[in-house]
Amino acid sequence: MRFSCLFRPSSNGNEGADVPIKRRTLLKGLIILGASLVPRVFGLMPARAAEAKRPFEVTKTDEEWQKMLTPEQYRVLRQEWTEPPFQNKYHDQKEKGTYHCAGCGLGLFSWRQKYDSGTGWPGFWQPMFSDAIGTRTDWKMLYPRTEVHCARCGGHLGHVFNDGPAPTYLRYCINSAALIFKPSSARE
Ligand SMILES: [Zn+2]
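Residues numbered from 1 in each chain as written. Predicted model: local features only at pLDDT ≥ 70, side-chain atom pairs only at ≥ 80, totals over all residues.

*Asks:* Quick one: what's the story with unusual backbone geometry, residue by residue and with numbers?
*Replies:* With an omega of 5°, the peptide bond running from Ala166 to Pro167 counts as cis. By the element assignment, Pro167 lies in the loop between strand E7 (156-161) and strand E8 (171-174). Within the chain, Glu80 stands out as a residue other than glycine whose phi angle is a positive 55°. With respect to the helices, strands and loops of the structure, Glu80 is situated in the loop between helix H4 (71-79) and strand E1 (97-101). Although it is not a glycine, Phe86 adopts a positive phi angle of roughly 65°. Secondary-structure assignment places Phe86 in the loop between H4 and E1. Under the C-beta neighbour-count criterion, Phe86 is labelled exposed, with 10 such atoms within 10 Å. (Helix = DSSP H or I, 4+ residues; strand = E, 2+ residues; numbered from the N terminus. Buried ≥ 20, exposed ≤ 12 C-beta atoms within 10 Å, placed from the backbone.)

What follows is the structure in structure tokens.
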């Protein structure tokens, strides 16, 4: 059985909140919702498609990735597998520290933006740096989702949904296997 990071039922009713800085992000979310009703509106997202074709700074052959990653990390990062909810390392972790890409070590998320989404996967309302992650539209399910990957090596991390908490109202639903946690006390 293939587990999947699905839409979480919205309970906060914040879709209409006034957050001008994130208007573009909210607009993306609305486009995605619209696209789920009227599939195949690829034309609305040309910028994202172009972004996904950019070469990554860290590239390796499939064989090299298999050698350096654990089987679980490889399945998630390189084959876009979704790990089971609640049976993963960081879903309920609250410790201070940063979460790095298990493929290339790039800092992706901080404990400061982590929250309990109740889904069984680590949830963040924002990455540490906006250019640390890339996104593209994922059509594996019957509706489109926004896939999230490491901007440096292209490793698959999870998906982002627009049902998160303030101030972004985004939920980065990330696989623990794609991350390496570094406690604050251990940071160089
Ligand atoms: Zn990476």
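There's more to say after this.
*Asks:* An account of the sheet that holds strand E2 (residues 107-110) is requested, with residue identities and associated values reported.
*Replies:* An order of E2-E1-E9 is seen for the 3 strands of this open sheet, with the pairing classed as antiparallel. Every interior strand has two partners, whereas the edge strands, E2 and strand E9 (179-183), have only one. Shown here is a sheet whose adjacent strand axes are inclined to one another by a mean of 30°, direction ignored. Strand direction decides the pairing type here: E1 and E9, joined by 5 bridges, are antiparallel. Residue Gly97 lies in a different strand from E9, and its bridge partner there is Pro183. (Pairing = 2+ DSSP bridges. Axes fitted to C-alpha atoms, helices over the stretch in contact; angles between N-to-C directions.)

*Asks:* Residues and numbers for the nonpolar core, please.
*Replies:* Soluble globular proteins: nonpolar side chains tend toward being buried together. Within the largest apolar cluster, 29 residues are counted, with the highest numbers of intra-cluster contacts made by Ala102, Cys150, Tyr172, Ile174 and Ala178. Of all elements in the fold, only H4, E1, E2, strand E6 (145-150), E7 and E8 reach the threshold of two or more residues within this core. In contact with Ile174, not counting residues within four places along its chain, are Phe109, Trp121, Pro122, Phe124, Leu157, Gly158 and Leu179. (Core = buried A, V, L, I, M, F, W, Y, C linked by C-beta atoms within 7 Å. Contact = placed C-beta atoms within 7 Å.)

*Asks:* For H4, give the residues involved together with the corresponding values.
*Replies:* Every buried residue of H4 is listed here: Gln73, Tyr74, Val76 and Leu77. Here the buried face of H4 lies against helix H3 (62-68) and E7. Positioned one or two residues after H4, Glu80 has a phi angle of 55°, which is positive.

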